[in-house]
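Listed here are the chains, written in short residue letters.
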Amino acid sequence: MLHEVALTLIELRPGEYAKLLDYGIGLTDLAKGACGADSDLKPADFDRMRLRSVIKTRSPRLLAFNGKTAAAHYFDVPTAQINYGRQLDTIGRTAIYVCSSTSPANGRWCCEAWEELECISEQSRASDVLV
Amino acid sequence: MMSEFGITILPDLLANDLDLVIVGTAADAPLPSGDFTTPVRAIGSGACFTKSPSR
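Residues numbered from 1 in each chain as written. Chains lettered and ligands numbered in written order. Predicted model: local features only at pLDDT ≥ 70, side-chain atom pairs only at ≥ 80, totals over all residues.

Participant: Can you lay out the overall build of chain B for me, pointing to particular residues and giving the numbers?
Facilitator: Helix and strand content of chain B: one helix and one strand. The proportion of buried residues among the 55 residues of chain B is 45%. (Helix = DSSP H or I, 4+ residues; strand = E, 2+ residues; numbered from the N terminus. Buried ≥ 20, exposed ≤ 12 C-beta atoms within 10 Å, placed from the backbone.)

Structure below.
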């Protein structure tokens, strides 16, 4: 999917995931001490303060939630209140986006927010080059 | 980090000044065989490697 929306130049295999750093892309989860389907996770598993701390420290340009569920837990609102795309909130200088979940459990995939993210990311890199 | 299943959840893949950090909910449950070897399963946001079959 990352290659399909042009966030990576080539299609990486799962075992090559560490190469994402070469493309300026990192990975994390809202719940790092638990695993399982979203429905199996407890509210206490979601550590929004840890995420804020990590993002403030690392200071990426963009943060993208892979699905509304993670975003809803972060913002502490019902999933129905989450819209795809750029959010009003930021973490420090980091803009926040919500994209359609790539989980196979998501039956209503849409790529628009991911493609918007790629455009913003590209513009961000280009502006750095011009500085 | 060990999960309740006794399986290692992959740590964050992060560095300073990245363009983008993708955030998932949590690592997926291990396979019945106990296999938990790919980042697709061991970092929830690693699901971005996959395509939804419903597309």
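Participant: Residues and numbers for the overall build of chain A, please.
Facilitator: What chain A contains, in helices and strands, is three helices and four strands. Starting at the N terminus, the α and β elements of chain A follow one another as β-α-β-α-β-β-α. Since a compact globule built from 131 residues should have a radius of gyration of about 14 Å, the 15 Å found for chain A is in line with a globular shape. The buried share of chain A, taken over its 131 residues, is 35%. (Rg over C-alpha atoms; globule rule 2.2 N^0.38 Å.)

Participant: Now, about the sheet that holds strand β3 (residues 85-91) of chain A: what can you tell me, with residues and values included?
Facilitator: Pairing within the open sheet is mixed, and its five strands lie in the order β1(A)-β1(B)-β2(A)-β4(A)-β3(A). Because the sheet does not close on itself, it has two edges, and the strands there are β1 (25-35) and β3 of chain A. Strand-to-strand twist of the sheet, defined as the mean angle between neighbouring strand axes without regard to direction, takes the value 25°. The sheet contact formed by strand β2 (residues 62-66) of chain A and strand β1 (residues 20-27) of chain B spans four bridges and is parallel. Along β1(B), the bridge assignment pairs Ala64(A) with Ile22(B). Sheet strands touched by helix α1 (residues 48-58) of chain A: β1, β2, β3 and β4 (94-99) of chain A together with β1 of chain B. Its angle to β1(A), the strand with the most contacts, is close to 155°. (Pairing = 2+ DSSP bridges. Axes fitted to C-alpha atoms, helices over the stretch in contact; angles between N-to-C directions. Contact = placed C-beta atoms within 7 Å.)

Participant: Which residues make up unusual backbone geometry, and what values go with them?
Facilitator: Positive phi, normally seen in glycine, also occurs at Ala6(A), with a value near 70°. On the basis of neighbour count, Ala6(A) is assigned to the partly exposed category, with 13 C-beta atoms found within 10 Å. Its identity is not glycine, yet Asp17(B) carries a phi of approximately 55°, on the positive side. Structurally, the position occupied by Asp17(B) is in the segment before β1. Judged by local crowding, Asp17(B) falls into the exposed class, with 10 C-beta atoms found within 10 Å.

Participant: Talk me through the environment of Asp45(A); I want residue IDs and the actual numbers.
Facilitator: Tracing the chain through its elements places Asp45(A) in the loop between β1 and α1. Counting along the chain gives 36 residues from Asp45(A) to Gln81(A), while the straight-line C-alpha distance between them is 21 Å.

Participant: Talk me through helix α2 (residues 68-75) of chain A; I want residue IDs and the actual numbers.
Facilitator: Most of α2(A) is tucked away, with seven of its eight residues classed as buried. Regarding α2(A), the residues found buried are Lys68(A), Thr69(A), Ala70(A), Ala71(A), Ala72(A), His73(A) and Tyr74(A). Structurally, α2(A) contributes buried residues whose contacts are with β1, α1, β2 and β4 of chain A together with β1 of chain B.

Participant: Let's hear about the pairing of β1(A): which residues, and what values?
Facilitator: With respect to burial, β1(A) is a largely interior element, 10 of its 11 residues being buried. With seven bridges joining them, β1(A) and β1(B) adopt parallel strand pairing. Its bridge partner being in β1(B), Ile25(A) is matched across the sheet by Leu20(B).

Participant: Tell me what's going on with the nonpolar core, and back it up with residues and numbers.
Facilitator: The biggest cluster of nonpolar side chains holds 38 residues, and the ones touching the most others in it are Ala64(A), Phe65(A) and Val23(B). Taken together, the elements giving at least two residues each to this core come down to β1, α1, β2, α2, β4 and α3 (112-130) of chain A together with β1 of chain B. Sequence-distant contacts of Ala64(A), that is, excluding residues within four places in its chain, are made with Tyr97(A), Cys99(A), Leu117(A), Leu20(B), Ile22(B) and Val23(B). (Core = buried A, V, L, I, M, F, W, Y, C linked by C-beta atoms within 7 Å.)

Participant: An account of the confidence of the model for chain B is requested, with residue identities and associated values reported.
Facilitator: Looking at chain B as a whole, the pLDDT averages 66, with 36% of positions reaching at least 70. Interface confidence for the predicted complex, given as ipTM, is 0.90, next to a pTM of 0.83. (pLDDT = per-residue confidence, 0-100.)

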